[in-house]
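# Geometric and topological summary
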Amino acid sequence: MRDQIHAVSPPSPYPPGNVMAPILRRLAPSEIPVIRRDPVDPGARDVATPIVEAVKARGMEAVREYAEKFGELQPGDQLIYTRADLGKAWAKLDPPTQKLLVRTVHRVRRFALVQKAAISDAKLDIPGGSAGHTVAPVENAGCYAPGGRYPLPSSVIMTVTTARVAGCTNVWVASPRPTPVTLGAAFVAGADALLAAGGAHAIAALAYGCGPVGPADAVCGPGNQYVTAAKSLIAGRVAIDMLAGPSELCVIADHTASAKVVASDLLAQAEHDPQALPQFISTSEALIAEVEEELLKQLAVLPTAAIAREACKNGYAVLVGSVAEAIEISDRLAPEHLELHVENAETVAQKCKHYGGLFIGHAAAEVLGDYGAGPNHTLPTGGTARSTGGLSVFTFLRIRTWLHLNNLKTAADLVRDAHELAKIEGLHGHAAAATHRLDEEDARILVEGFASAEGALMAHSTGIPAQISSVQVDGAGHMLLALPKKGRLAEMCLKFVEAAGLQYHRRDRLDVAPCTNLPITLVFLPAKDIASFIGKGNVDAGITGQDMVAEADCTVTTELMLGIGKCNLSLQVPERFKHLAAPDFAGKRIATSFPTLTRKYFDPIDKLLGVETKITDISGSVEAAVGLGLADAVVDLVETGTTMRAAGLCVAEILMSTQAVLISNPHTAHAHLVAKIKQRFEGYLTSSKFSLMTYNVPRTLLSKCILVTPGKRSPTVQQLDDDSWVSVSVMVVTKETSDVMDKLKELGATDILLMSLSNCRS
């Protein structure tokens, strides 16, 4: 209705005769400048270069000299704040501020933990051995937090907490003119110490080290143009997060948006810096006029209006014909922050490609991201979101690959290819390095060549072990495979055992069942004990939940995620307290059957707040503990939530998400059998997810059909008797088969058949 009323002539936001320029200039879509600027200002680099060199040469003396020169310190002021100093500053903060900082750290830490869990060590069996990667943190992190125009304890939390979650051993902060809250934030986030300096000299101190400040392996954090210039000078010597410029916000809004909210979001970004860039794209002419009115009203009472008004001169408002056009413009801009104030915001979000941080829907204010909803607020600017992401736990992590070969006979194909590629490239030393690992006969065969890699393997058949399946079971030397003995998880595990082809007979009341076709004995145990038995070496492998593995706190190898038994280990509180967060229950009574995980969760919070949470270990009916007066809250697993709601409880925090996993003892003597079981389980998982589809199609349409059916790896294509037609066999995700068959039919495919899979090998 708003657009219909004002479609002909929207009212001016100014009094009659007023010729004041609008707060946000109006641009046509074709006039929008595409920002792909050099993030480093040449003038700033010229200033930063001698400062960085001076700190590199003269260390702490130069840092203090520049800190005093730029007004960050007076002669004799404290330059280094130790961990003890930070703790004293923390102790002097009032309790509400302490709890505020603890809650913020808690949210940022939880998000970083989820990020870290998204990447893990990997291992791949290859002929003759294995290859993989490990994920490891850098050892020393340097975190910068601005302190010029405003103190920014939030930046301290964003950088330091993330580095700690990554696993960095040493974490230093640099921040000029630190306030007590900044010092307290550094303490609660886990910083080892703080350097009370900013600008290029602080970045150089973090990178090269000086005095007690050790050289960092990674330097991160937002800052002004001189900080960015200095980071460009140290990049390569150390890892950096990004080269960021002035802050940006792009708001896409339609007729459903609130002009008051949109205007306040634009001003919240504009008050950062006179160089900030507020961008407003709307499908509604009326909304643009109303936002302009709101900007005038809000600027009249905003304490930071002088800065915000100057920044608004950089910004603009644009009227577009559709949300799709707005998305196209936004993708060209690749803004630091992108807000969607539109109908069906979640659907629109899926169509946006390039941004630093995305805020979906009217309630998702960018300012909530700034102040610790979880995702990091240090984000790429100047269009660089097209090629990089924001500060995250990955900033402090390294992927290190490894290769282990223990049987060169079965690695003949690899050695041969390495030898041949080295000769093609003219690197004869490389070729020799491959052949010198073989004995004389092997090297001769390799150099003379085989008709095929299979021929080379056949020549070394004596090195191939006998098939395990041919071994007769005699009850001795079996691999022990533990399974949950009861419950829903136990029933689901038996399906995996059946799919793996393990044939066994379990006698009544016996929890041990030898297999008749493989040297494996099944052991049925309580799920909570399985990880401990495997970690101590009493059992070789087994299936249990990730929560049970974490609670056992022992060393096991996670072989495979099974995708069953999914649930959340959660802090559950009475419904009347659903507005409270985990820190509010520190020092209270918690009942749980996961005392180790619960203690680990509350210990850091207890330490910061100076309280002790009382944890009671109970083995069953945990949800009843609150109603019976035994506890104020519980930590327990939530699958559907039915039992929890029946007890009048709700989820306050999720400690971890869990599912069933296949685990093994790292030192098992039956690694080959563990690998066989893992392979069979993987085949069952694949067959559960995919179906086999076959169809015939004219060769001219093959490329289009393959786009619809790319397959798990790639489709199999066979020539038909008619040369102009081919037959395609391909694995398709089962839940997508109906749509895929419809699309193939539309493209011209015929004889489309669908077959379910009972098992397979990938």
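The structure this text deals with has already been given above.
First, a word on scope: everything that follows refers to the structure included in this document. Only a predicted model underlies this, so the values are computations on that prediction, with no experimental measurement involved.

## Quick word on a positive patch on the surface
Together, K689, K712, R713 and K735 make up a positively charged patch on the protein surface. By secondary structure assignment, the location of K735 is in the loop between β29 (725-733) and α27 (737-747). Residue class for K735 comes out exposed when judged on its relative accessible area of 76%.

## So, the environment of T228
Note that T228 resides in helix α9 (residues 225-234). As for T228 and P519, which are separated by 291 residues in sequence, their C-alpha atoms are 62 Å apart. Setting aside anything within four residues of it in sequence, one finds T228 in contact with P39, V40, G223, L243 and A244.

## Here's the deal with the packing of helix α2 (residues 42-58) against α9
Relative orientation and spacing of two packed helices are given, respectively, by the angle between their axes and the distance between those axes. Contact pair α2 / α9: the axes reach a minimum separation of 8 Å and the direction vectors enclose 60 degrees. With respect to α9, the axis of α2 lies oblique. Every pair of crossing elements has a handedness; the one defined by α2 and α9 is right-handed. The segment α2 lies against α9, with A44, R45, V47, A48, T49 and V52 engaging Q225, Y226, A229, A230, S232 and L233. Tallied by class, residues from the contact of α2 with α9 come to eight nonpolar, three polar and one charged.

## Considerations on the sheet that holds strand β1 (residues 25-27)
Spatially, the six strands line up as an open sheet ordered β1-β12-β11-β10-β13-β14, and their pairing is parallel. Across the chains shown, the open sheet's two edge strands, defined by having one partner strand only, are β1 and β14 (357-360). Strand-to-strand twist of the sheet, defined as the mean angle between neighbouring strand axes without regard to direction, takes the value 20 degrees. Where strand β13 (residues 337-341) meets β14, four bridges bridge the pair, whose relative direction is parallel. Bridging across to β14, E339 finds its partner in F359. Most of the contacts of helix α11 (residues 285-299) go to strand β11 (residues 277-282), to which it runs at about 145 degrees, and overall it touches β1, β10 (248-253), β11 and β12 (316-319).

## Quick look at a negative patch on the surface
On the surface, E736, D739, D742 and E746 cluster together into a negatively charged patch. Assignment of secondary structure puts D739 in helix α27. A relative accessible area of 51% means that D739 is categorised as exposed.

## Looking at helix α13 (residues 323-333)
By the burial criterion, the buried members of α13 are A326, I327, I329, S330, D331 and L333. Tucked into the core, α13 has its buried residues touching β10, β11, β12, β13 and α14 (345-349). Immediately beyond the C-terminal end of α13, within one or two residues, lies A334, with a positive phi of roughly 50 degrees.

## Comments concerning a nonpolar patch on the surface
A surface patch of nonpolar side chains, amounting to about 260 Å² of accessible area, comprises L403, L405 and L414. With respect to the helices, strands and loops of the structure, L405 is situated in strand β15 (residues 397-405). Judged by its relative accessible area of 32%, L405 is partly exposed.

## Here we look at the packing of aromatic side chains
This model, assessed by the stated rule, comprises six aromatic pairs. On the basis of an interplanar angle of 20 degrees and a centroid distance of 6.1 Å, the ring pair of Y66 and F70 is categorised as stacked. The exposure class assigned to F70 is partly exposed, which follows from its relative accessible area of 42%. Arranged with centres 5.3 Å apart and planes meeting at 70 degrees, the rings of F496 and F681 form a pair that is edge-to-face. In this pair, F496 sits in helix α20 (residues 488-499) while F681 sits in helix α25 (residues 671-689), placing the two residues 185 residues apart along the sequence. Classification of F681 by relative accessible area gives buried; the value is 0%. Clustering of aromatic rings is evident, with ring pairs tying together F496, F681 and Y684.

Conventions and cut-offs
- Residues numbered from 1 in each chain as written.
- Predicted model: local features only at pLDDT ≥ 70, side-chain atom pairs only at ≥ 80, totals over all residues.
- Heavy atoms only, no water.
- Patch = residues over 30% accessible without salt bridge, like charges linked within 9 Å, V, L, I, M, F, W, Y side chains within 5 Å.
- Areas by Shrake-Rupley, 256 points an atom, 1.4 Å probe, with all protein chains shown as cover.
- Salt bridge = Lys/Arg side-chain N within 4 Å of Asp/Glu carboxyl O.
- Lys, Arg positive; Asp, Glu negative; His and termini not counted.
- Charge placed at Lys NZ, Arg CZ, Asp CG, Glu CD.
- Helix = DSSP H or I, 4+ residues; strand = E, 2+ residues; numbered from the N terminus.
- Buried < 20%, exposed > 50% of the residue type's maximum accessible area, 1.4 Å probe, protein only.
- Contact = heavy atoms within 4.5 Å.
- Axes fitted to C-alpha atoms, helices over the stretch in contact; angles between N-to-C directions.
- Parallel < 35°, antiparallel > 145°, perpendicular 65-115°, else oblique.
- Left-handed = near helix turned anticlockwise from the far one by under 90°.
- Nonpolar A, V, L, I, M, F, W, Y, C, P; charged D, E, K, R; others polar.
- Pairing = 2+ DSSP bridges.
- Phe/Tyr/Trp six-rings, centres within 6.5 Å; stacked < 30°, edge-to-face > 60°.

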